[in-house]
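Report on the structure
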Amino acid sequence: MSLPVKLQTVLQRCGGVFRASAANAVGVSNERLRLLVKSGELERVTYGVYALPGDIQDKMYVVQLRRPKAIYSHETALYLHELTDRDPIRYTVTVPRGYNVSGLRADDVDCFMVKPEHHDLGVIQMETAFGHKVRVYSPERTICDCIRSRNQMDIAIVTDAVKRYSKRTDKNLNELMQMAEVFRVVKPLRSYLEVLL
């Protein structure tokens, strides 16, 4: 059994990893996907997500494919924005309050929850090391999230991130202060910045 041409097109368009719904949209049924996995033509990465066998998987992209409401934040966002040197052992995401996080936690993903109206504030798209686009919070939102969660994080990481942010040429202090007001961290943010600026 070989891959249908339609499925090869989906694989190319999706960068080698695709959801079952993308295959269904071009007329490839779930049963056909199951048979392709059984014959070794495809690999089931996780529930509803498939790839070619033997391909190195972009876990960050796969997590977001499965759970599109998850937005990379905190240590993971700091790493993507080059505001820390520490490669995250576990990814960290933020989801709207009330979202079922049991599947994320089962995948070893740390979760933070925010009010639904704050969930999409400061979301941008960035490329992973594999070239896939994922949703992540802006550097300004990330700094505010880290300060807000500073009791749950390594304080050295937070301090280093603020220091690195203050040295960036593309920093946006106006946006940073607006985010700080929304998340009620103006006072602690100012004390960090007074030391650094």
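Counting restarts for each chain: residues are numbered from 1 in the order of the written sequence. A pLDDT threshold of at least 70 governs which residues receive local features in this predicted model, and a stricter bar of 80 or more applies before side-chain atom pairs are shown or counted, although totals over entire chains, interfaces and linings include all residues. As a rule here, side-chain values come from all non-hydrogen atoms in the structure, and water together with hydrogens is ignored.

Next up on the list: the overall build of the chain. Scanning the chain from N- to C-terminus turns up 11 helices and eight strands. Along the longest, intermediate and shortest principal axes, the C-alpha atoms of the chain span 65 × 35 × 25 Å. For the chain, the share of sequence-separated contacts (at least 6 apart) that also reach a separation of at least 24 residues comes to 53%. Only the protein chains shown count as cover for residues, with accessible areas throughout obtained via the Shrake-Rupley method and a probe of 1.4 Å. Just so you have it, the chain exposes about 10,600 Å², and 49% of that area is on carbon and sulfur atoms. To qualify as a helix, a DSSP run of H or I must reach at least 4 residues; to qualify as a strand, a run of E must reach at least 2; elements of each kind are numbered from the N terminus. Contacts were defined at the residue level, with two residues in contact if any of their heavy atoms lie within 4.5 Å.

Attention now goes to the packing of helix α8 (residues 139-148) against helix α10 (residues 173-182). Following both chains from N to C, one finds α8 and α10 inclined at 40°, their axes separated by 9 Å at the closest point. Between α8 and α10, the interaxial angle falls into the category oblique. Note on packing geometry: the crossing formed by α8 with α10 is right-handed. For the pair α8 and α10, the contacting residues are Glu 140, Arg 141, Ile 143 and Cys 144 in the first and Glu 175, Leu 176, Met 179 and Ala 180 in the second. Gly falls in the polar group here, along with every residue not listed as nonpolar (Ala, Val, Leu, Ile, Met, Phe, Trp, Tyr, Cys, Pro) or charged (Asp, Glu, Lys, Arg). The residue makeup of the contact of α8 with α10, split by class, is five nonpolar, no polar and three charged. Helix axes use the C-alpha atoms of the stretch in contact, all axes being lines fitted to C-alpha atoms, and the angles between their N-to-C directions lie in the range 0 to 180 degrees. Under this scheme an angle from 65 to 115 degrees is roughly perpendicular, one under 35 degrees roughly parallel, and one over 145 degrees roughly antiparallel; angles in between are oblique. It is the rotation of the near helix from the far one that decides the hand of a crossing: anticlockwise by less than a right angle makes it left-handed, clockwise makes it right-handed.

Moving on, we get to the packing of α8 against helix α9 (residues 155-167). Between α8 and α9, whose axes approach to 10 Å, the crossing angle comes to 150°. Between α8 and α9, the angle is such that the two are roughly antiparallel. Note on packing geometry: the crossing formed by α8 with α9 is left-handed. Along the contact surface, α8 presents Pro 139, Glu 140, Ile 143, Cys 146 and Ile 147, while α9 presents Val 158, Ala 161, Val 162 and Tyr 165. Within the contact of α8 with α9, the residues separate by chemical class into eight nonpolar, no polar and one charged.

Scored from 0 to 100, pLDDT reflects the predictor's confidence in each residue. Per-residue confidence for the chain gives a mean pLDDT of 91; residues scoring 70 or more make up 98%. For the chain, the element scoring lowest by mean pLDDT is helix α1 (residues 5-13), at 85; strand β4 (residues 71-72) scores highest, at 98.

Once that is clear, we can look at the environment of Val 136. Mapping Val 136 onto the fold places it in strand β8 (residues 133-137). For the exposure calls, accessible area comes from a 1.4 Å probe over protein chains only, and a residue counts as buried if that area is under 20% of its type's maximum, exposed if over 50%, partly exposed in between. Among the residues examined, Val 136 registers a relative accessible area of 0% and is labelled buried. The spatial distance from the C-alpha of Val 136 to the C-alpha of Tyr 72 is 4.5 Å, given a sequence separation of 64 residues. Look past the residues within four positions of Val 136 in its chain and what remains in contact with it is Ile 71, Tyr 72, Ala 77, Leu 80, His 81, Gly 122, Val 123, Ile 124 and Met 126.

Here the aromatic set is Phe, Tyr and Trp, taking the six-membered ring for Trp, and pairing holds for ring centres within 6.5 Å; pairs whose planes are under 30 degrees apart are stacked, those over 60 apart are edge-to-face, and all others are tilted. Scanning all chains against the criterion turns up two aromatic pairs. Pairing Tyr 72 with Tyr 91 gives two aromatic rings, centres 5.9 Å apart and planes at 75°, and the pair type is edge-to-face. Pair noted here: Tyr 72 is in strand β4 and Tyr 91 is in the loop between α5 (74-80) and β5 (92-96), with a separation of 19 residues, a long-range link. Relative accessible area serves as the criterion here: at 0%, Tyr 72 is assigned to the buried category.

Moving on, we get to unusual backbone geometry. As a rule of thumb, non-glycine residues mostly have phi less than zero, and peptide bonds are mostly trans rather than cis. The backbone phi angle of Glu 82 is positive, close to 60°, even though this residue is not glycine. Tracing the chain through its elements places Glu 82 in the loop between α5 and β5. A residue is classified by how much of its surface remains accessible, and Glu 82, at 64% relative accessible area, is exposed. Residue Asp 108 is not a glycine yet carries a positive backbone phi of 60°. Locating Asp 108 in the fold gives a position in the loop between α6 (102-106) and β6 (110-114).

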